[in-house]
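Spelled out, the chains give:
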Amino acid sequence: MTQDEMKRAAAQEAVKYLSKGDVVGVGTGSTANYFIEELSKWGGAVGAIASSEATASRLKSCGIPVLDLNEVDEFGVYVDGADEINHKLEMIKGGGGALTREKIVAAAAQTFICIVDETKVVDVLGRFPLPVEVIPMAASYVLRTISELGGDPQIRKNFVTDNGNIILDVHGLSIENAAEMEQTLNNVVGAVTNGLFANRPANIMVVGGKSGVQIARA
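The following paragraphs examine the structure supplied in this document. Each chain has its residues counted from 1, following the order in which its sequence is written. Under the rules for a predicted model, residues below a pLDDT of 70 receive no local features and side-chain atom pairs below 80 are neither given nor counted, while totals for whole chains, interfaces and linings still include all residues. To get the side-chain values, all heavy atoms of the structure are used, and hydrogens and water are removed first.

## Description of the sheet that holds strand β7 (residues 130-134)
Here comes step 1: At least two bridges found by DSSP between two strands are what make those strands a pair. Every helix listed is a DSSP run of H or I at least four residues long, and every strand listed is a run of E at least two residues long, numbered separately from the N terminus. Read from one edge to the other, the open sheet built from 4 strands follows the order β8-β9-β7-β10, with strand pairing classed as antiparallel. On the outer flanks of this sheet lie β8 (152-155) and β10 (191-194), each paired with one strand and no other. Direction aside, the axes of adjacent strands within the sheet are offset by 30° on average.
Here comes step 2: Sheet topology note: the β7/strand β9 (residues 166-171) ladder contains 5 bridges and is antiparallel. Its bridge partner being in β9, V132 is matched across the sheet by L168. Here an angle of 0 to 180 degrees is reported between the N-to-C directions of two axes, which are lines fitted to C-alpha atoms, with helices fitted over the stretch in contact.

If you want it as structure tokens, here you go:
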């Protein structure tokens with residue numbers, strides 16, 4: 001089974017957690033794109049909340065109505081991938097640059113289902129560079145501050161988020177206490193948010209692997 005086949009298998013499994021008439025939050029990235037395809041085939045969602053402009057465009061192209069989060073009182077399930085996820089279901093996200101909106105939609109959802117292929121499951125987070133969304137005028141200050149924390153931050157070249165900000169990718173971290181690191185980085189003035197999803201981890205992890213699909217719960 002190829003990596004793409006593992007992603008699709010996880011996406012197909014995630015649809016089983018939905019109910020007819022649901023509003024569904026949808027993430028950003030290659031694995032989330034497979035979920036959008038499966039969501040379109042299923043046809044039971046009344047609409048979706050998109051975590052990025054790219055996801056909104058893909059949802060619309062698949063005939064799925066896109067709803068504004070501010071117009072939805074509450075919704076049940078958010079489905080998204082991850083760049084890394086550990087066995088506590090804490091994640092690094094933001095490789096596609098949509099981390100802030102992803103974090104907002106995840107916070108609003110009752111249940112967060114993370115769908116990944118088996119290569120994304122790790123014991124310790126940090127091998128994948130940690131994205132931090134930063135207000136442009138604060139770039140130098142945030143770079144210096146994160147360097148003092150032991151990371152090696154680098155500005156993502158030729159990239160602007162949907163919110164008009166830049167991304168710093170922080171290399172060289174081994175994140176043993178993800179919740180604490182998430183809060184520390186959130187307190188850096190000028191940082192909008194970071195790609196650690198530890199204070200709001202996934203509730204369910206769906207892993208597509210060579211031997212089939214496995215499920216883990218927080």
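On we go.
## Structural notes on helix α1 (residues 3-14)
Here comes step 1: Between its terminal C-alpha atoms α1 stretches 17 Å, which fits the 16 Å expected from 12 residues at 1.5 Å a residue.
Here comes step 2: Partly exposed describes any residue whose relative accessible area lies between the buried limit of under 20% and the exposed limit of over 50%, with all areas from a 1.4 Å probe on protein chains only and scaled to the type maximum. Those residues of α1 lying buried are M6, K7, A9, A10, A11, E13 and A14.
Here comes step 3: At its buried positions, α1 is contacted by α2 (30-42), β3 (75-80), β6 (109-117), β12 (204-209) and β13 (212-217). The span one expects for a helix is its residue count, reduced by one, times 1.5 Å. Two residues qualify as a contact provided that any one of their heavy atoms is within 4.5 Å of a heavy atom in the partner residue.

## Here's the deal with the side chain of E84
Here comes step 1: By the secondary structure assignment, E84 is in strand β4 (residues 84-85).
Here comes step 2: Overall, the relative accessible area of 2% leaves E84 in the buried class.
Here comes step 3: A distance of 2.8 Å separates a polar side-chain atom of E84 from the backbone nitrogen of G126.
Here comes step 4: Sequence-distant contacts of E84, that is, excluding residues within four places in its chain, are made with E90, M91, I92, K120, V122, V124, L125, G126, R127 and F128. Side-chain atoms alone can form a polar contact between residues adjacent in sequence; in general such a contact is a pair of N or O atoms within 3.5 Å, and within protein one must be able to donate a hydrogen while the other accepts it.

## Notes on helix α5 (residues 139-148)
Here comes step 1: Within the sequence span of α5, burial applies to A139, V142, T145 and I146. Across the axial projection of α5, the buried residues extend over an arc of 130°, all falling on one side.
Here comes step 2: Each element contacted by the buried residues of α5 is listed here: β7, β8, β9, α6 (178-186) and β10.
Here comes step 3: Just beyond α5, the residue with positive phi is G150, at close to 105°. Throughout, the arc means that of the directions going from the helix axis to the C-beta atoms.

## Observations regarding the sheet that holds strand β5 (residues 91-92)
Here comes step 1: Taken in spatial order, the 3 strands make up an open sheet running β4-β5-β11, and their pairing is antiparallel. On the outer flanks of this sheet lie β4 and β11 (196-197), each paired with one strand and no other.
Here comes step 2: Bridging between β4 and β5 involves 2 bridges; their strand directions are antiparallel. Residue E84 lies in a different strand from β5, and its bridge partner there is I92.

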